Amino acid sequence: MGSLPELTERARPLDPRPAARTISDPHRHRACVAQLPVSTIYKKEWPWRKPKGPIRTPGFPANRRRDSATSSVGAASVRRLITRQPPKVPKAVVRRFTLLCVASGLCSTALLPFTAFAGAEAGAIPLAIMHAAAAIVAPFSPLILQKTGPRLIVTVAYVLVCVLLSAHTVAMPLSVLLLLYGICGVTLSPMSLALTVSATSLAQTAGDECRQKIALRRALRGLRASQDLGLVFGSLLLGGALMIWPEDLSVLEVSSVAENVSMPRLPPLEDYYLEDDYEEHTCGAAGCPQIRMVSGGAGLSGSGRRALAAGWAALALAGAALSAVGANAAAAPPDSKASRRDPRATLAAPMGLFIGLQQGFIYTSYMKWYGVCVGGWGGAWRALCGAGALQALAAATLSMAAARAGGAGRALAAGGGAAHGSLLLALLRWRAARSDLALPAVAAAAWGACAALWDVLQSGLCVGGPGWRGPWSLTLAARHAGLALACAARRVLCVRAQLAGLALTFAAALASHVALDLRQRRADARRS
């Protein structure tokens, strides 16, 4: 018989899993199921001990690696955009626009002093015809510019100015001269629009919208500076001609002057400046009789006038040559149609009319009454030179001030309105006299600064943006209409009547300008 099993020994249940072999370690009361490699035991890196170094994470999958690379490329592109320099205007475009500015300055050197010289003399009616023709053609200037291009328009305009000035060097019938004035006036408005379009074309190559506005302001500032400096240089040429070719006063005979329309006869020459109210009794071109003898300043002789006109004509011809090189030959692209209710088409016209009226008043009646009548042509060209110099300085500084954000434009308009109103009031009360030789130049300089302010503010509101050519052409029409009216008033109205008309027009112009400024600011706020 076999032996019986030990009854005291308990039978162990069978484990279906294979027995796990325990590993003996210093902590032998613990058992680790997983077998540790020998290298881990050798390096004493126990899994229950806290690792001293950083925990190594397993490698990322391929898709996460691609996402990380993509984000790195995006971050690098953003950094490049931040550190990238803004696009610069091409040097060729800047060079050509600079030549165009120089050409505009040369033509202004010839045309603006000639306008003042002819307006103070007996040439107000031809000037009125010229600017009336410019006012009639101005609304059609965008279409003319689109068909021909800036280069042809500017070059033809400067050539016609040269022809007009050359016609004054020879004996020319009055009918032919009037025809030349009218033909020259036809090209003035398209020429002004072509210059402004050239400035906007330069600004469009500057980059984003903000940089385009900055480039446009700088381009317009350059055009204004060239024209104002041209007025200064032309006045200096007039002063030099007066010193080189003075008129011989000894051979002048005292000629009888036509009777005044408001007086039965004029006062004697010796009592002319002793009477306080002589200005109130003298109207239009009948005022200031015997200019050469009363003022004591010699005018230009016949040879001096011909030489001066020839010099101005040569400068206009040089401007035409430079404009043929610098202006853009391609036709201007069609402008986007502006809204029929565009406020710039209606609210800018009163200010444009006032700008033309005050410019025509300075070139005609002011140069006559407060320049030639007081100090002769020697004082007149100094007043004209001072007006051009301060106008150039004011246009540059006020353009930079108006570019600032906030209510800078409205503050400038308020200050300019107060200054120009005070100047009009002073001229209404001030009687020109030979003892006040400095006041004509000071008043002309102050008037030039005010004129620069209105030009800067109006062009800042009207030039640029979609569909600006049509409203700006109407503004040019109003400016030339004001010039024509001022030149015509030189012959028929007293100085006091002209100043009163300027004051009324200025009040309406200032109100319309403020309304336009508010409309433009509201439109910009809605777009933003």
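This section reports on the structure supplied with the text. (Residues numbered from 1 in each chain as written. Predicted model: local features only at pLDDT ≥ 70, side-chain atom pairs only at ≥ 80, totals over all residues. Heavy atoms only, no water.)

**Things to note about the overall build of the chain**
In terms of helices and strands, the chain carries 18 helices and zero strands. Burial analysis of the chain (528 residues in total) assigns 44% to the buried set. Taking contacts inside the chain between residues at least 6 apart in sequence as the whole, the part at least 24 apart equals 86%. In the form shown here, the chain has an accessible surface area of approximately 28600 Å², with 63% of it arising from carbon and sulfur atoms. (Helix = DSSP H or I, 4+ residues; strand = E, 2+ residues; numbered from the N terminus. Buried < 20%, exposed > 50% of the residue type's maximum accessible area, 1.4 Å probe, protein only. Contact = heavy atoms within 4.5 Å. Areas by Shrake-Rupley, 256 points an atom, 1.4 Å probe, with all protein chains shown as cover.)

**Details of helix α12 (residues 302–326)**
Over its 25 residues, α12 runs 36 Å from end to end, which matches the ideal 36 Å to within 8%, given 1.5 Å per residue. Those residues of α12 that are buried lie in contact with α3 (91–120), α6 (150–167) and α9 (209–244). (Expected span 1.5 Å × (residues − 1).)

**Comments concerning a nonpolar patch on the surface**
On the surface, V170, M172 and V176 cluster together into a nonpolar patch covering about 220 Å² of accessible area. Within the secondary structure, V170 is located in the loop between α6 and α7 (174–186). (Patch = residues over 30% accessible without salt bridge, like charges linked within 9 Å, V, L, I, M, F, W, Y side chains within 5 Å. Salt bridge = Lys/Arg side-chain N within 4 Å of Asp/Glu carboxyl O.)

**Quick word on the nonpolar core**
Note that soluble globular proteins tend to have their nonpolar side chains buried in a common cluster. Ranked by size, the top nonpolar core spans 115 residues in total, and within it Y158, L238, Y366 and W454 carry the most contacts. Looking at which element gives the most residues to this core, the answer is helix α14 (residues 349–402), with 23 residues. Contacts of Y158, omitting those with residues within four sequence positions, involve A103, S104, C107, M191, L195, A316, G319, A320 and S323. (Core = buried A, V, L, I, M, F, W, Y, C linked by side-chain atoms within 4.5 Å.)

**Notes on the pattern of salt bridges**
A complete count under the given rule lists three salt bridges for this structure. The salt bridge involving R224 is made with D455; its shortest N-O contact spans 3.9 Å. Remark: D455 occurs in helix α16 (residues 439–462) and R224 occurs in helix α9; sequence separation between them is 231 residues. By relative accessible area, R224 is classed as buried at 10%. Since its relative accessible area comes to 23%, D455 is described here as partly exposed. A single salt-bridge network, built from bridges that share partners, covers R224, D455 and R479.

**Thoughts on the packing of helix α8 (residues 188–203) against helix α17 (residues 469–492)**
Between α8 and α17, whose axes approach to 10 Å, the crossing angle comes to 135°. On the basis of the axis angle, α8 is oblique to α17. The element α8 and its partner α17 pack so that their crossing is right-handed. In this structure, α8 contributes L188, S189, S192, L193, T196 and V197 to the contact, and α17 contributes R469, W472, L476 and H480. Taken together, the residues of the contact of α8 with α17 sort by class into five nonpolar, four polar and one charged. (Axes fitted to C-alpha atoms, helices over the stretch in contact; angles between N-to-C directions. Parallel < 35°, antiparallel > 145°, perpendicular 65-115°, else oblique. Left-handed = near helix turned anticlockwise from the far one by under 90°. Nonpolar A, V, L, I, M, F, W, Y, C, P; charged D, E, K, R; others polar.)

**Regarding the packing of aromatic side chains**
As enumerated under the stated definition, the model contains five aromatic pairs in all. By way of ring pairs, the aromatic residues F354, W454 and F506 are connected into one cluster. (Phe/Tyr/Trp six-rings, centres within 6.5 Å; stacked < 30°, edge-to-face > 60°.)

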